[in-house]
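# A structural walkthrough
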Protein chains: 2
Amino acid sequence: MSETPRVLALCGGVGGAKLALGLYRLLGPALTLVVNTGDDFTHLGLRICPDLDTVTYTLADRVNPETGWGRADDSGRFMAAVTELGGEDWFFLGDRDLALHVERTRRLAAGESLSAVTAAVAAAFGIAARVLPMSDQPVATQVETDTGILAFQHYFVRERCRPSLRALHYQGAAQAAPHPELLAALADPALAAIVICPSNPWLSIDPLLALPGVRAALAAAPAPVVAVSPIVGGQALKGPTAKIMAELGLEVSARTIAAHYRDFLDCLLLDCSDGALAADLPGSRVAATVMGSEADKVALARAVLEAARDCRNRSG
Amino acid sequence: MSETPRVLALCGGVGGAKLALGLYRLLGPALTLVVNTGDDFTHLGLRICPDLDTVTYTLADRVNPETGWGRADDSGRFMAAVTELGGEDWFFLGDRDLALHVERTRRLAAGESLSAVTAAVAAAFGIAARVLPMSDQPVATQVETDTGILAFQHYFVRERCRPSLRALHYQGAAQAAPHPELLAALADPALAAIVICPSNPWLSIDPLLALPGVRAALAAAPAPVVAVSPIVGGQALKGPTAKIMAELGLEVSARTIAAHYRDFLDCLLLDCSDGALAADLPGSRVAATVMGSEADKVALARAVLEAARDCRNRSG
């Protein structure tokens, strides 16, 4: 039996992690996930990497099934005591979850790279896939709003995306080196597929694309690039994607997603409810993109890999 | 009604905190507690001050009544997750307790002094007494044992005091400044009493006495110095005091405590079970020093204050 061909997937947090889990079930160690770190921040003195943690907990079967982020069977005693001490309590950190932030902060302070810490955590949780931060240098997404510039988590969590968004800035991205394995995978002729998970393009994928050379390497990649639209039936399933698109003056439609990725995209997977758009979008195809159950996640992952295989066969 | 005269008490952790609570019930804001920080250490990247925290939680009615340290109604989810990540798990940190370490570490890193952080925590918990670290500079108790030199918590918690102790070193003490309020209180002619709580003299009180000028200021203090013996019936009630005394070649007796403090002590309170020693120890008196209930703590505190009053009357 031949080895499973390697697949690279780019993703953000909750929505992206669902497809990442589907891909992981099919591919195991053949999957490399490159995760947005633009959401990372230092809070209560701890280095917190929300997207990396969501992906890690998801692949480790430890994610809170109710929220899609944080850990299952967690509790809020730490947060209650922070409140009691008059500390900042707008960003929830579960008691179990906290161990990861404390350990990461300690190891980063001791000189380890974020990649090394992430790999050690994945190993401790028995994750067979490669989970990589997009860069070992910090990148901080900043949100320009009608009330001023906000750090990402202040906009996203503290202000609950209420301020109207005008523009996004990925501070540090131009000086950050993309993870070397990301560039190596993009150039790898043996790679079976590059998957853009159904994460918010502006908040979760653009920080990655803002790293020097990544966008060009995607466009030049020998492997087919398949994205899954985060827009379903002309709306975002969850989260602020539709609100942000409207505020940026963009049509809330899978068409906008196709346009956003046009310089490197080979195939966009549209949700069945957006099937009418397929005729207008060359290279698009239709799938069930709403992932409720684990079976849904695996089925969508299979559809993504099939789409990539068809792209290869067409071009090969 | 006249104002309650101020009282200064020096103490370590669990045993000392019991008398501290008794004094606090009687004195409220007239009590100043100066707490050993030789046990402090940085663990998992967090600054941990075991004696300060025990005293703070005790006065705040938040201490775990089973252990005498840590917080009541706490849980171990954080620790379980640290174990899962392969981190150091020999020092238990409860989920609620952790908030204090995280907040303190953050505030110290931001440039606040340990005194300022301790005062803010005491204020958040509604503690009316002054709770002061013995110094704002770090002092680290090191234990010279038959298996080499150990940092205090490695000796005390990780190795459970098993190695035989040869000597103690208070690293940094000679360069550390005693808390200015400690020196001011020691010199204050209006101070009603200086109380040495029944803490381990070598582990909990000597770090304080090792700070420049403290021992001499105690000897010169206008206020009477009253100590409560941690030796009861020729044994330590709890903890390694008796084992350490034996390893240092000292008689396990209240006599040794009196000798240890002889250059500044005005009165040693012996436990009733050691009443036979009183005749040999000028200035000693007998009290019930075993503090099970809160009533016991208050009664012993009252006996201590009475002893101080009698010392003043004798000398005045």
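Look a little higher up for the structure.
Residues numbered from 1 in each chain as written. Chains lettered and ligands numbered in written order. Predicted model: local features only at pLDDT ≥ 70, side-chain atom pairs only at ≥ 80, totals over all residues.

### A look at the overall build of chain A
The condition is simple: Helix and strand definitions here come from DSSP, where helices need a minimum of 4 consecutive H or I residues and strands a minimum of 2 consecutive E residues; each element is numbered from the N-terminal end. Only C-alpha atoms enter the radius of gyration; for comparison, a globular chain is expected to reach 2.2 Å times N to the power 0.38, where N is the number of residues. Backbone-placed C-beta atoms define the burial measure: a residue is buried with 20 or more other C-beta atoms within 10 Å of its own, exposed with 12 or fewer, and partly exposed in between. Any pair of residues counts as being in contact when their C-beta atoms, constructed from backbone geometry, are within 7 Å of one another.
If you tally the helices and strands in chain A, you get 12 helices and 14 strands. For chain A, whose C-alpha radius of gyration is 19 Å, the value lies close to the compact-globule estimate of 20 Å for 316 residues. Counting only C-alpha atoms, chain A reaches 60 × 50 × 40 Å along its principal axes. Expressed as a percentage of the 316 residues in chain A, the buried residues total 50%. Pairs at least 24 apart in sequence give 66% of the contacts found in chain A among residues at least 6 apart.

### Re helix H4 (residues 97-109) of chain A
Residue and element names in this part refer to chain A. To keep things clear, this is the line we draw: To estimate the expected span of a helix, count its residues, drop one, and scale the result by 1.5 Å.
Taking 1.5 Å per residue as the helical rise, H4 with its 13 residues ought to reach 18 Å, and the 19 Å between its terminal C-alpha atoms agrees with that figure. Where burial is concerned, most of H4 is hidden: 10 out of the 13 residues are buried. What H4 keeps buried is the set Asp97, Leu98, Ala99, Leu100, His101, Val102, Glu103, Arg104, Thr105 and Arg106. At the C-terminal side of H4, Gly111 shows a positive phi close to 100 degrees.

### Some details on the relation of the copies chain B and chain A
What counts, and what does not: For this overlay, a least-squares fit was computed on C-alpha atoms, restricted to residues scoring pLDDT of at least 70 in both copies.
For the pair chain B and chain A, the superposition axis carries a translation of 0.0 Å, the fit reaches an RMSD of 0.0 Å, and the rotation angle comes to 180 degrees. In short, the pair behaves as if placed about a two-fold rotation axis. Among all C-alpha atoms of chain B, that of Asp95 of chain B lies closest to the rotation axis, at 2.9 Å.

### Points about the pairing of strand E2 (residues 31-35) of chain A
All names here are of chain A. Stated formally: By the convention used here, strands pair only if DSSP detects at least 2 bridges between them.
Burial of E2 is extensive: five of the five residues sit out of reach of the surface. Neither face of E2 is open: one carries Leu31, Leu33 and Val35, the other Thr32 and Val34, and all of them are buried. Bridge count for strand E1 (residues 7-11) against E2 is five bridges, and the pairing is parallel. Residue pairing for E2: Ala9 is matched across the bridge by Leu33. Here E2 runs beside strand E5 (residues 130-133); their pairing, made up of four bridges, is parallel. What sits directly across from Val35, in E5, is Pro133.

### Section: the interface of chain B and chain A
Our working definition: The nonpolar class holds Ala, Val, Leu, Ile, Met, Phe, Trp, Tyr, Cys and Pro. Asp, Glu, Lys and Arg form the charged class, and all remaining residues, Gly among them, are polar.
Each partner contributes to the interface: chain B provides 26 residues, whereas chain A provides 26 residues. Secondary structure elements with two or more residues in the side of chain B that touches chain A: helix H3 (77-84), helix H4 (97-109) and helix H5 (114-124) of chain B. When grouped by side-chain class, the residues that make up the side of chain B that touches chain A number 14 nonpolar, five polar and seven charged.

### Things to note about the sheet that holds strand E8 (residues 165-171) of chain A
Through backbone hydrogen bonds, the strands of a sheet pair up, either in parallel or in antiparallel fashion. Residues and elements named next belong to chain A. The line we're drawing: All axes here are fitted lines through C-alpha atoms, helices being fitted over the stretch that makes contact, and every angle between N-to-C directions spans 0 to 180 degrees.
With respect to topology, three strands assemble into an open sheet ordered E7-E6-E8, the strand pairing being antiparallel. A strand with exactly one partner marks an edge of an open sheet, and here the two such strands are strand E7 (148-151) and E8. The sheet shows a mean angle of 25 degrees between the axes of neighbouring strands, direction not considered. The pairing of strand E6 (residues 140-145) with E8 spans six bridges and is classified as antiparallel. The partner of Thr145 across the bridge, within E8, is Leu165. Those strands touched by helix H8 (residues 201-209) are E6 and E8, and its axis lies near 30 degrees from that of E8.

### Observations regarding the packing of helix H1 (residues 14-27) of chain A against helix H12 (residues 294-315) of chain A
Residue and element names in this part refer to chain A. Note the following rule: Orientation categories follow fixed angle ranges, with anything under 35 degrees roughly parallel, anything over 145 roughly antiparallel, 65 to 115 roughly perpendicular, and all other angles oblique.
Remark: H1 packs on H12, axes separated minimally by 7 Å, with the N-to-C direction vectors making an angle of 75 degrees. By the criterion of interaxial angle, the relationship of H1 to H12 is roughly perpendicular. Touching Lys18, Leu19, Leu21, Gly22, Leu23, Arg25 and Leu26 of H1 are Lys297, Val298, Leu300, Ala301, Arg302 and Leu305, all from H12. Partitioned by chemical class, the residues of the contact of H1 with H12 number eight nonpolar, one polar and four charged.

### Description of the sheet that holds strand E14 (residues 285-287) of chain A
Residues and elements named next belong to chain A. Taken in spatial order, the seven strands make up an open sheet running E5-E2-E1-E9-E10-E13-E14, and their pairing is parallel. Strands at the two margins of the open sheet, each flanked by one partner only, are E5 and E14. If you compare each strand with its neighbour and ignore which way they point, the axes differ by 25 degrees on average.

### Some details on unusual backbone geometry
Residues and elements named next belong to chain A. Look at Asp73: it is not a glycine, yet its phi comes out positive at around 50 degrees. Tracing the backbone shows Asp73 in the loop between helix H2 (50-59) and helix H3 (77-84). Here Cys161, not a glycine, exhibits a phi torsion of approximately 60 degrees, which is positive. Its location among the elements puts Cys161 in the loop between helix H6 (152-158) and E8. With 17 C-beta atoms counted inside 10 Å, the residue Cys161 sits in the partly exposed group.

### Focus on the environment of Ala140 of chain B
Residues and elements named next belong to chain B. Locating Ala140 in the fold gives a position in strand E6 (residues 140-145). By C-beta crowding, Ala140 is classed as partly exposed, having 19 other C-beta atoms within 10 Å. In this structure, the C-alpha to C-alpha distance between Ala140 and Phe41, residues 99 residues apart in sequence, is 7.4 Å. In this structure, Ala140 is in contact with Gly38, Ala151, Phe152, Gln171 and Gly172, ignoring residues within four places of it in sequence.

### Re the nonpolar core
The condition is simple: Core membership is restricted to buried Ala, Val, Leu, Ile, Met, Phe, Trp, Tyr and Cys residues, and these are joined into a nonpolar core through C-beta atoms within 7 Å.
Counting 180 residues, the largest nonpolar core has Ala9, Ala20 and Leu33 of chain A together with Ala9, Ala20 and Leu33 of chain B as its most contacted members. Here Ala20 of chain B is in contact with Ala9, Cys11, Leu33, Val55, Thr58, Leu59 and Cys197 of chain B, once residues within four sequence places are set aside. Counting nine residues, the second-largest nonpolar core is a separate cluster that includes Val143, Phe152, Tyr155 and Phe156 of chain A.

### Some details on H3 of chain B
For H3 of chain B, the full list of buried residues reads Arg77, Phe78, Met79, Ala81 and Val82 of chain B. Those residues of H3 of chain B that are buried lie in contact with H3 and H4 of chain A together with H4 of chain B. Trailing H3 of chain B by a residue or two, Gly86 of chain B shows a phi angle of about 80 degrees, which is positive.

### So, the environment of Leu85 of chain B
With respect to the helices and strands, Leu85 of chain B occurs in the loop between H3 and H4. Separated by 153 residues in sequence, Leu85 of chain B and Lys238 of chain B place their C-alpha atoms 34 Å apart.

From the geometry alone we can't say anything about function, so treat these as descriptive.
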